[in-house]
Amino acid sequence: MAGMITVDCRDVEQIKHDLLVYVSDNVAAIPAVKLHEFVLSPIGEEDIDQSVVVAAIKEFLESIGEARNFAVVSAGESVSIRSVSGKQLDRNPAGRQPGSMFACPHCGFVTRYEVEYNQHKVIHYF
């Protein structure tokens, strides 16, 4: 277990925001965004389990069809997401792949279903 965990997102910059929302929600941590990374801080006294962070990152990569192209490496209190073959992530946010995740920029709500995401967004505009 660790206190704060830094997640290096240099090879997956295009999905960093959606990834941090998904991971912080699954780990129950407070995220802080940096230039090429984000930091997860524990809520309360309990430390963050780094293996849960790694599992959440892998699950997110799997959900967008990129699990085979990126390795999740854990060392000390940091986690790095590295391209296996040097391939850069080429994602068009408007052209989402089936099974990709939708994350609300207002509150962090995450879903795999675009219809559910669109219904959720309505609560922020009324």
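Located above this text is the structure these notes cover.
About the cut-offs
Residues numbered from 1 in each chain as written. Predicted model: local features only at pLDDT ≥ 70, side-chain atom pairs only at ≥ 80, totals over all residues. Heavy atoms only, no water. Helix = DSSP H or I, 4+ residues; strand = E, 2+ residues; numbered from the N terminus. Contact = heavy atoms within 4.5 Å. Areas by Shrake-Rupley, 256 points an atom, 1.4 Å probe, with all protein chains shown as cover. Expected span 1.5 Å × (residues − 1). Buried < 20%, exposed > 50% of the residue type's maximum accessible area, 1.4 Å probe, protein only. Axes fitted to C-alpha atoms, helices over the stretch in contact; angles between N-to-C directions. Parallel < 35°, antiparallel > 145°, perpendicular 65-115°, else oblique. Left-handed = near helix turned anticlockwise from the far one by under 90°. Nonpolar A, V, L, I, M, F, W, Y, C, P; charged D, E, K, R; others polar. Disulfide = S-S within 2.5 Å.

**Q** For this particular structure, what's the right way to read the overall build of the protein?
**A** What the protein contains, in helices and strands, is three helices and seven strands. In sequence order, the secondary structure elements of the protein are arranged as β-α-β-β-α-β-β-β-β-α. Contacts in the protein between residues at least 24 apart in sequence constitute 54% of all its contacts with a sequence separation of at least 6. When the accessible surface of the protein is summed, it comes to about 7300 Å², and 52% of that surface belongs to carbon and sulfur atoms.

**Q** Whenever I open this one, helix α1 (residues 16-27) confuses me. Can you help?
**A** For an α-helix, 3.6 residues make a turn, and residues three or four places apart therefore share a direction. With 12 residues, α1 extends 16 Å from end C-alpha to end C-alpha; this agrees with the ideal 16 Å at 1.5 Å per step. Across the 12 residues that make up α1, a large majority, nine, are buried. The set of residues buried in α1 consists of Lys-16, Asp-18, Leu-19, Leu-20, Val-21, Tyr-22, Val-23, Ser-24 and Val-27. On its buried face, α1 is in contact with β2 (29-33), β3 (37-42), α2 (50-63), β5 (78-83), β6 (102-103) and β7 (110-111). After α1 finishes, the residue Ala-28 shows a positive phi value of roughly 60°.

**Q** What exactly am I supposed to notice about the environment of Met-101 here?
**A** Along the chain, the position of Met-101 falls in the loop between β5 and β6. Its relative accessible area of 5% is what places Met-101 among the buried residues.

**Q** Help me out: how do you make sense of the packing of α1 against α2 in this one?
**A** When two helices pack together, you describe them by how their axes are tilted relative to each other and by the distance separating the axes. Packing of α1 against α2 leaves a shortest axis separation of 9 Å and a crossing angle of 135°. Classed by the angle they form, the pair α1 and α2 counts as oblique. Here α1 and α2 pass one another in a crossing that is right-handed. Within the contact between the two elements, α1 uses Asp-18, Leu-19, Tyr-22, Val-23, Asn-26 and Val-27 and α2 uses Val-52, Val-53, Ala-56, Ile-57, Glu-59 and Phe-60. Of the residues belonging to the contact of α1 with α2, the class tally is nine nonpolar, one polar and two charged.

**Q** What should I look at first to understand the state of the cysteines in this one?
**A** Every disulfide links exactly two cysteines, by a covalent bond between their sulfur atoms. Per the stated rule, a full pass over the model turns up zero disulfides. Here Cys-107 is not cross-linked by a disulfide; its sulfur's nearest cysteine counterpart is in Cys-104, at 3.9 Å. The exposure class assigned to Cys-107 is partly exposed, which follows from its relative accessible area of 46%.

Function-wise, these values are silent; they only describe arrangement.
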